[in-house]
Every structure is written in C-alpha cells, then in structure tokens.
Amino acid sequence: MTTANTQNKDLADKFKDILGPTDPRVDAEARERLVTARVGLLLKQPFFGNLATRLQLTNADEWCPTAATDGRKFYYNSRFIMMLEDEKECEFLFGHEVLHAVYEHIGRRVDNEHEAQLSNIAADYCVNGDLVQAKVGRMITTVPCLHETKYYGWSYEQVYKDLYDNAEKIDISELAQQMLDEHLENEQSTVDKGDGQGGDGKKDKKDGKDKRPTISENELKDIKDELKEALVNAAKQSGAGKLPNGVKRILSDITEPKMNWRELLRQQLESTIKSDYSWARPSRRSWHMDAVMPGMKNDEMIDICVALDMSGSISDEMARDFLSEIKGITEEFQNFKLHVFSFDTDVYNAQNFSSDNLDDVLDYEPKGGGGTDFMAMFNYLKDEQIEPKRLVVFTDGYPWDTWGDPNYCETVWIIHSNDNPTPPFGTWAKYEEDQ
C-alpha cells in the first residue's frame, strides 16, 4: 500500500465514528478546550479573539465532522475538537472560521458541484495562508489542511481561477478531502455538500432530514451587516495589529468612503487641462490696481488613453457604459484626443477619437477573452510612443503577474470586482452599475 493510500485509510479510520449522538462528557471537555483557545486568542491575537468570542459555540456532532460557521455560530464536532493536538490548533480553527465569515465565503450560492468544490477549495487556501502568515495559533496537523505558499497574497477569485485553469492537471476530489471544515450554503443551492474532512453529507437516521443548517437570503444580509459592525469594533478594541491584507482591505472599504467612479473620472480628465498665463488678456483682478496682472489661458486639450480589460467579468454592456461616461465628460471641451484599445494578454482594436468622430466611440467593439496582463498595455504604449496625460483602465483587477509600470504615466483604475483588489499605484474607484 502506498504512503498516500495509507494516510487516506488512517484518516478514514479516524473519522469512521465521528458523527453520531453527543457524549456529554466529551462535549464538556471539548467546550472547555474551545473556551481556553478563545481566551488565548484574546490575549495573543485580540482581533481574531474578539470575532471568535461573538460566535456562539454550538454542538454539531450529528452532522458536522469538524467545524463550520454561519457567521453567528461556531459549529463543532466535540470528538474532532478532542482529536486536535492542543489549544493552539483550536486557535487556528477559530481563526479559520472567523476569516470565512469576514471574507463572506459563507452562503455562496453554487449550483454546479464541480464549481462548488473549486470555490470551497479556493476559500480554504486563502484562509489558511492568511492565518499562517499572521501566526494565528498553529496550523492543524491532525488532518490535512490546504496550504500553498504560492497563493500568499492572492484573492479568492485569483485562486479560484488558477484552480479552474489547472483543473485537468490536479485531483479536485483529493483536494476536497483536505478541506478543514464544512462550508454552509445558501438555502437555494442545489448542491449537496459535506465535502470537508470525513464529510459525506450524511443524513439523520431517525427522521431522514438533513440536520445541516442552510442560510436564507435575508439571514445572509443581516449577518453581513452584523459582521461589518463586529469587524470595525474588533479593530478598534484590539488596535488591529498585524492583519491579513484581505482584512485590511475590507476594513478600509468600510471605514473610508470611496469616491464615485464617475466623479473620479471627471476629476482626473479635467485635471489634464493645462492652464497658463497670457498678457493678451489682462486679469480683471488687476483693474483696480496700479499694476497689470496676466490673465489665464486655458489649453483645453484632454489627451487620454482608455484601456478596456476584456479578459474577465467585464461585459460589452459595462464597457459601453464606461465609454459613454468618458464621452459625456470629453464632449464638454473643445479639444481632446481619445485613444481607446482593448487588451487581455495583447492589445486589440486601437482607435483614435476626437471632436470629429466622438459619437462613434459608443460603437466601439471591445475584443479579448484571454488572461489579464497589464504589462501588455504598457508595452504597447511604449512601442507606439504614446505618452497620455492619463491612462484610464477599466478592469476586474486580477492580473496574472504585476499591475504594470508605475512610472510610465498617470494611471486611473476603474475596477469591477466583488473582492475590491487594490492597485499598488495610481488612483482608483470601484465601478458600480447603479451610480
């Protein structure tokens, strides 16, 4: 028997009788261990400790082989808790559930089993990587955990895409067996989960009903609002400390008001207009003075490049909405140069627009469909010797590699994404369709 098969058999033997009626003595010991772990988190990692303490400890021996959360409760299997090596592994487990809640991994509606597995695997990679880097407890060794340094700093969407692109090369079912916990689903999901350690979606034998809880749309909304408040309070009470970048981004989104993307566009486009002084038109302010002051000379030439990232979640309709806003701002000025192109890993359909053909910009046809390579657009601009006053990029914000050249020109990012990736340079705003 190979080592992998031996490990799988040993793991199966461990979880053979994990589900079933609760033993009060075992449950009491498990709860004591969990309470001790939460106190440890409060002392060593107060941010995580505060969020862990708000989760209600709830025994789930009959349906949950490890642990789970719905954002309000911490579901646990008492036998699994006692299998953990010590309280430090319990601290890691609490951190795992806390980050699932904070990152809004709970209650995702996925109707395709394959995509559901990839989604849950990606979520675990993100959470475990963040916990290891933040040194929250100690990563659990009692059972396999999904952990890959390659994914450090990646968003959930980026990890999911990488798994999806390489699905034929990896054993998805094997990875699913390494998930640490149970992932609860939206009540409308048609996918039967139970894909954590030892999980097989078992039903209660007495009445045939699945005791695994589901979450309604209204509950999801309420939980999301509660978590926002809890997140801010935990950061205030703990001083935040060393937090994963994903948590920092969420806190920033909650506490720092973001500029409307349309306002940002207008501000950036108008700021490209150069003003100078001219003696041809004396300043009216000098009329009551003994001296003559120069007047202002406006050089109303807007010179920008617009890059449309057509690799991800941006539709042609969104691109047209974006271009329509650019048109509306630009046509208020007499002189402008508008260079529009699409890109993924290359640049396509580059076109120039001015006052003579501005209306045609709404008929522009975006092209693309591959991955996202921001350097492709910067290399294109350099090769064509185009140096715009502003480069405005409409993107989902998930590059394969870098965000490009921060020193080439002023860059404005308009980002359509559920995860709010933060560009490392330039100014940015989130694209909202209802703004």
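Just above sits the structure.
Report on the accompanying structure. Given the structure is predicted, the values throughout are model-derived calculations rather than measurements. (Residues numbered from 1 in each chain as written. Predicted model: local features only at pLDDT ≥ 70, side-chain atom pairs only at ≥ 80, totals over all residues. Heavy atoms only, no water.)

1. Some points on the overall build of the chain
Within the chain, the secondary structure is distributed over 13 helices and eleven strands. When the 435 residues of the chain are sorted by exposure, 49% land in the buried category. Relative to all contacts within the chain whose residues are 6 or more apart in sequence, the contacts with residues 24 or more apart total 65%. Per element, the accessible surface of the chain, about 21,600 Å² overall, is 45% carbon and sulfur. (Helix = DSSP H or I, 4+ residues; strand = E, 2+ residues; numbered from the N terminus. Buried < 20%, exposed > 50% of the residue type's maximum accessible area, 1.4 Å probe, protein only. Contact = heavy atoms within 4.5 Å. Areas by Shrake-Rupley, 256 points an atom, 1.4 Å probe, with all protein chains shown as cover.)

2. Let's talk about unusual backbone geometry
Backbone geometry at Asn349 places phi at a positive 50°, although glycine is not the residue there. Locating Asn349 in the fold gives a position in strand 8 (residues 347–353). You will see that Gln385, though not glycine, has its phi angle at about 55°, which is positive. Relative to the helices and strands, Gln385 is located in the loop between helix 13 (374–383) and strand 9 (390–395). According to the relative accessible area criterion, Gln385 is exposed, its value standing at 74%.

3. Things to note about the nonpolar core
One finds Phe47, Phe74, Phe80, Ile81, Leu93 and Val247 to be the most contacted residues of the largest nonpolar core, which totals 42 residues. Examining the composition of this core, we find that seven residues originate from one element, helix 5 (residues 87–102), more than from any other. Beyond its immediate chain neighbours, meaning those up to four positions away, Phe80 contacts Phe15, Ile18, Pro65, Thr66, Leu93, Val143 and Leu180. Core analysis: the next-biggest nonpolar cluster, separate from the first, contains 31 residues, Leu269, Leu338, Ile414 and Ala429 among them. (Core = buried A, V, L, I, M, F, W, Y, C linked by side-chain atoms within 4.5 Å.)

4. Brief notes about the pattern of salt bridges
Counted by the stated rule, this structure contains 20 salt bridges. In this structure, Lys327 engages Glu331 in a salt bridge whose closest nitrogen and oxygen atoms are separated by 3.0 Å. Classification of Glu331 as partly exposed rests on a relative accessible area of 44%. Overlapping salt bridges bring together Arg54, Arg72 and Glu226 as one network. (Salt bridge = Lys/Arg side-chain N within 4 Å of Asp/Glu carboxyl O.)

5. Details of empty space enclosed by the protein
With the rule as written, the count across this model stands at three cavities of 30 Å³ or more. Here the second largest cavity is characterised by a volume of approximately 50 Å³. Along the lines of polarity and charge, the residues of the lining of the second largest cavity split into two nonpolar, four polar and three charged. (1 Å grid on protein atoms, 1.4 Å probe; cavity = no way out; pocket = protein on both sides within 12 Å on 5 of 7 lines; lining within 4 Å. Points joined across faces, edges and corners; volume = space filled by probe spheres on them. Nonpolar A, V, L, I, M, F, W, Y, C, P; charged D, E, K, R; others polar.)

6. Focus on the packing of helix 2 (residues 24–44) against helix 5
Taken N-terminus to C-terminus, the directions of helix 2 and helix 5 make an angle of 75°; their axes are 8 Å apart at the nearest point. With respect to their mutual orientation, helix 2 and helix 5 come out roughly perpendicular. Here helix 2 contributes Arg33, Leu34, Thr36, Ala37, Arg38, Gly40, Leu41 and Lys44 to the contact with helix 5, which in turn contributes Glu87, Lys88, Cys90, Glu91 and Phe94. For the contact of helix 2 with helix 5, a count of residues per class yields five nonpolar, two polar and six charged. (Axes fitted to C-alpha atoms, helices over the stretch in contact; angles between N-to-C directions. Parallel < 35°, antiparallel > 145°, perpendicular 65-115°, else oblique.)

7. Quick word on the pairing of strand 3 (residues 73–76)
Bridge count between strand 1 (residues 56–59) and strand 3: four bridges; the pairing is parallel. For Gln56, the partnering residue across the bridge sits in strand 3 and is Lys73. By the bridge criterion, three bridges tie strand 2 (residues 67–69) to strand 3 in an arrangement that is antiparallel. Directly across from Thr69, in strand 3, lies its bridge partner Phe74. Hairpin connection between strand 2 and strand 3: a loop of three residues separates the two successive antiparallel strands, and Gly71 in this loop has a positive phi of roughly 95°. (Pairing = 2+ DSSP bridges.)

8. Observations concerning helix 2
For an α-helix, the turn length of 3.6 residues means that residues three or four places apart are oriented alike. Here helix 2 is 21 residues long and its end C-alpha atoms lie 30 Å apart, about the 30 Å a rise of 1.5 Å per residue gives. When helix 2 is considered as a whole, its buried residues turn out to be Val26, Asp27, Ala30, Arg33, Leu34, Ala37, Arg38, Gly40 and Leu41. Each buried residue of helix 2 sits inside an arc of 160° when the element is viewed along its axis, so together they form one side. Structural note: helix 2 exposes Pro24, Arg25, Glu32 and Leu43 on the side pointing more than 90 degrees away from its buried face. On the buried face of helix 2, the contacting elements are helix 3 (46–53), strand 1, strand 3, helix 4 (78–83) and helix 5. N-cap assignment for helix 2: the residue whose side-chain oxygen lies 3.0 Å from the backbone N of Arg25 is Asp23. (Expected span 1.5 Å × (residues − 1). Arc of directions from axis to C-beta. Polar contact = N/O pair within 3.5 Å; in protein donor to acceptor, adjacent residues only side chain to side chain.)

9. Regarding the environment of Gln334
Its place among the elements puts Gln334 in the loop between helix 12 (316–330) and strand 7 (335–343). On the basis of relative accessible area, Gln334 is assigned to the exposed category, the value being 60%. In the structure, Gln334 is positioned 20 residues away from Ser354 in sequence and 9.4 Å away in space, judged by C-alpha atoms.

10. Re helix 7 (residues 156–165)
All buried positions along helix 7 are accounted for by Tyr156, Val159, Tyr160, Asp162 and Leu163. All buried residues of helix 7 lie within an arc of 160° about the axis, which places them on one face of the element.

11. Topic: a nonpolar patch on the surface
Judged by side-chain polarity, Val35, Val39 and Leu43 come together as a nonpolar surface patch covering roughly 280 Å² of accessible area. Considering the arrangement of structural elements, one finds Leu43 in helix 2. (Patch = residues over 30% accessible without salt bridge, like charges linked within 9 Å, V, L, I, M, F, W, Y side chains within 5 Å.)

12. Details of a negative patch on the surface
A surface patch of like charges, here negative, comprises Asp316, Asp360, Asp363 and Glu365. Looking at where Asp363 falls in the secondary structure, it is placed in the loop between strand 8 and helix 13. (Lys, Arg positive; Asp, Glu negative; His and termini not counted. Charge placed at Lys NZ, Arg CZ, Asp CG, Glu CD.)

13. Here we look at the side chain of Asp309
Inspection of the secondary structure assignment puts Asp309 in strand 6 (residues 301–309). Comment: no salt bridge for buried Asp309; closest opposite-charge side chain is Lys161, at 9.8 Å. A polar contact is formed between the side chain of Asp309 and the side chain of Ser311, at a distance of 2.6 Å. The residues contacting Asp309, other than those within four sequence positions of it, are Ile314, Phe343, Thr372, Phe374, Phe394, Thr395 and Asp396.

14. A word on the sheet that holds strand 3
Spatial strand order, 1-3-2: three strands in an open sheet with mixed pairing. Of all strands in the sheet, those with a lone pairing partner are strand 1 and strand 2, marking the two edges. Averaged over all pairs of adjacent strands, the angle between their axes in this sheet comes to 25°, without regard to strand direction. Sheet strands in contact with helix 5 are strand 1, strand 2 and strand 3, and its direction is about 30° off that of strand 2.

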